[in-house]
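Results of the structural survey
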Amino acid sequence: MRDPIGWPTLFGTDAAIWTRYLIVAAVAIVVAGLVHLGLVFIAKRAAARTRTRTDDILLARLRGPSRWLFAAIALVVAQPAMQLGPEGQAWWHFLAGLLAPALIGWLLIALLAAGNDIVQDRADISVADNLRARRKRTRAGILYRIGFFVVLMVTICLMLMSIPAVRTVGVTLAASAGLAALALGAAAQPALKNIIGGIQMAFTEPIRIDDVVIVDGEWGKIEEINLTFVVVRIWDDRRLVVPVSKFMEENFQNWTRRTSDLLGTAFLHVDRTADVPRLRRKLTEIVSNDPLWDGRVCGLQVTDSFPWHIELRCLVSAADAGKAFDLRCNVREAMTAYIAAEMPEALPRQRELTMIERAPG
């Protein structure tokens with residue numbers, strides 16, 4: 001017997017048949033649980049003897065979905081013992097159509113998450129030269145979110161197709177699917193643009209995790225890259241949430257695109273008669289004793305001249321943006337203190353201009 005919309009019914013099934021169903025199902029699930037528990041125990045003991053965390057990550061991610069997968073397999077094996085009639089078989093196929101895609105989808109998502117966790121664990125971004133590690137983390141994170149979205153959508157579609165009423169309605173609406181797709185695409189254009197931008201970002205890599213960027217005039221580090229938006233951690237611990245499409249369509253500064261080492265500048269204004277070579281030697285002494293300097297670049301140049309003073313640029317290098325900023329501050333502070341204590345004659349002084357100095361140009 002079936003109801004008007006095509007669902008199998010079990011009206012009239014007596015208690016004895018239901019009892020047999022429940023007992024067989026319960027025994028199958030308990031046996032599957034015991035087998036699964038034993039296998040997990042053996043796997044944990046084996047994982048504890050290895051140095052890598054890969055097996056621990058896989059075990060942690062797959063433990064949940066594999067438990068229910070074992071239960072489903074046990075029910076399939078025990079299904080002949082239930083002695084299902086025609087109506088029971090109809091219900092069995094209906095429930096299998098719902099649960100099978102759900103379990104397989106859950107298992108695939110767990111595998112994707114395990115793969116992402118393994119990459120994140122192996123890619124150490126705490127080292128000095130972390131460009132390759134940041135590239136791996138960024139690509140793995142974006143591809144995981146894309147795979148999660150695709151698997152989830154396919155799983156939901158397969159589950160819905162197992163429902164007779166939904167499948168019938170789907171066939172009826174097939175003729176208008178083109179117009180519906182156009183309407184949906186127009187309404188979801190911003191979201192789709194960000195999703196496509198996220199997929200493109202996974203392969204073109206304009207930014208990576210822990211990159212130092214300047215976006216909308218804010219200096220910060222890439223903290224999180226999602227499928228549709230990026231989280232930038234500003235230097236004062238604020239978070240700037242930026243759509244992915246912004247990084248694909250607008251200009252921004254990436255200070256660690258190829259390497260993490262940077263040049264930093266500190267500007268000084270001194271009197272026109274200041275002893276520049278002496279200041280240059282002092283800069284070399286200060287930078288050489290600073291552990292933040294990476295030994296690549298250290299120089300001092302006169303970059304501009306004004307009626308009463310000249311501008312000096314102290315150019316130094318460091319291993320990353322954070323160290324470069326701190327090194328610039330150290331150089332600025334030490335050079336200013338040296339000028340005030342040892343070279344007061346280098347402090348800017350205002351003089352009366354001669355006729356030649358007053359002339360334009």
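A brief report on the enclosed structure follows. Being a predicted model, the structure only gives us computed values, none of them experimental. (Residues numbered from 1 in each chain as written. Predicted model: local features only at pLDDT ≥ 70, side-chain atom pairs only at ≥ 80, totals over all residues. Heavy atoms only, no water.)

A few words on the nonpolar core. Counting residues in hydrophobic clusters, the biggest one holds 26 residues, and the most contacted among them are Val 270, Leu 279, Leu 300, Leu 312, Val 331 and Met 335. At the level of elements, strand 6 (262-271), helix 9 (276-288), strand 8 (309-318) and helix 10 (321-342) are the ones that each hand at least two residues to this core. With sequence-adjacent residues up to four places away left out, Val 331 is seen in contact with Ala 266, Leu 283, Val 287, Cys 314 and Val 316. Residues Val 213, Ile 222, Leu 227 and Val 230 belong to the second largest nonpolar core, which totals 16 residues. (Core = buried A, V, L, I, M, F, W, Y, C linked by side-chain atoms within 4.5 Å. Buried < 20%, exposed > 50% of the residue type's maximum accessible area, 1.4 Å probe, protein only. Helix = DSSP H or I, 4+ residues; strand = E, 2+ residues; numbered from the N terminus. Contact = heavy atoms within 4.5 Å.)

Among the surface-exposed residues, Phe 148, Phe 149, Val 150, Leu 152, Met 153, Val 154, Ile 156, Leu 158 and Leu 160 lie close enough to one another that they form a single nonpolar patch of about 710 Å² accessible area. Residue classification places Leu 160 among the partly exposed residues on the basis of a relative accessible area of 40%. (Patch = residues over 30% accessible without salt bridge, like charges linked within 9 Å, V, L, I, M, F, W, Y side chains within 5 Å. Areas by Shrake-Rupley, 256 points an atom, 1.4 Å probe, with all protein chains shown as cover. Salt bridge = Lys/Arg side-chain N within 4 Å of Asp/Glu carboxyl O.)

Now for the environment of Leu 300. Among the structural elements, Leu 300 can be located in strand 7 (residues 293-305). According to the relative accessible area criterion, Leu 300 is buried, its value standing at 3%. Along the backbone, Leu 300 and Arg 281 are 19 residues apart, and their C-alpha atoms lie at a distance of 9.0 Å. With near-sequence residues (within four places) excluded, Leu 300 lies in contact with Val 276, Leu 279, Arg 280, Leu 283, Leu 312, Arg 313, Cys 314 and Met 335.

This next bit is on the side chain of Lys 282. Tracing the chain through its elements places Lys 282 in helix 9. Non-local contacts of Lys 282, meaning those with residues more than four positions away in its chain, are made with Met 335 and Tyr 338.

One open sheet holds the 3 strands; their spatial order is 6-8-7, and the pairing between them is antiparallel. With one partner strand each, in any of the chains shown, strand 6 and strand 7 form the two edges of the open sheet. Pairwise comparison of adjacent strand axes, ignoring direction, gives a mean angle of 20 degrees for this sheet. Summarising the sheet, strand 6 and strand 8 pair through 10 bridges and their orientation is antiparallel. Paired with Gly 264 across the two strands is Val 316, which belongs to strand 8. (Pairing = 2+ DSSP bridges. Axes fitted to C-alpha atoms, helices over the stretch in contact; angles between N-to-C directions.)

Counted by the stated rule, this structure contains 12 salt bridges. Note that Glu 250 and Lys 246 form a salt bridge whose closest N and O atoms lie 2.6 Å from each other. A residue is classified by how much of its surface remains accessible, and Glu 250, at 42% relative accessible area, is partly exposed. By relative accessible area, which is 18% here, Lys 246 ends up buried.

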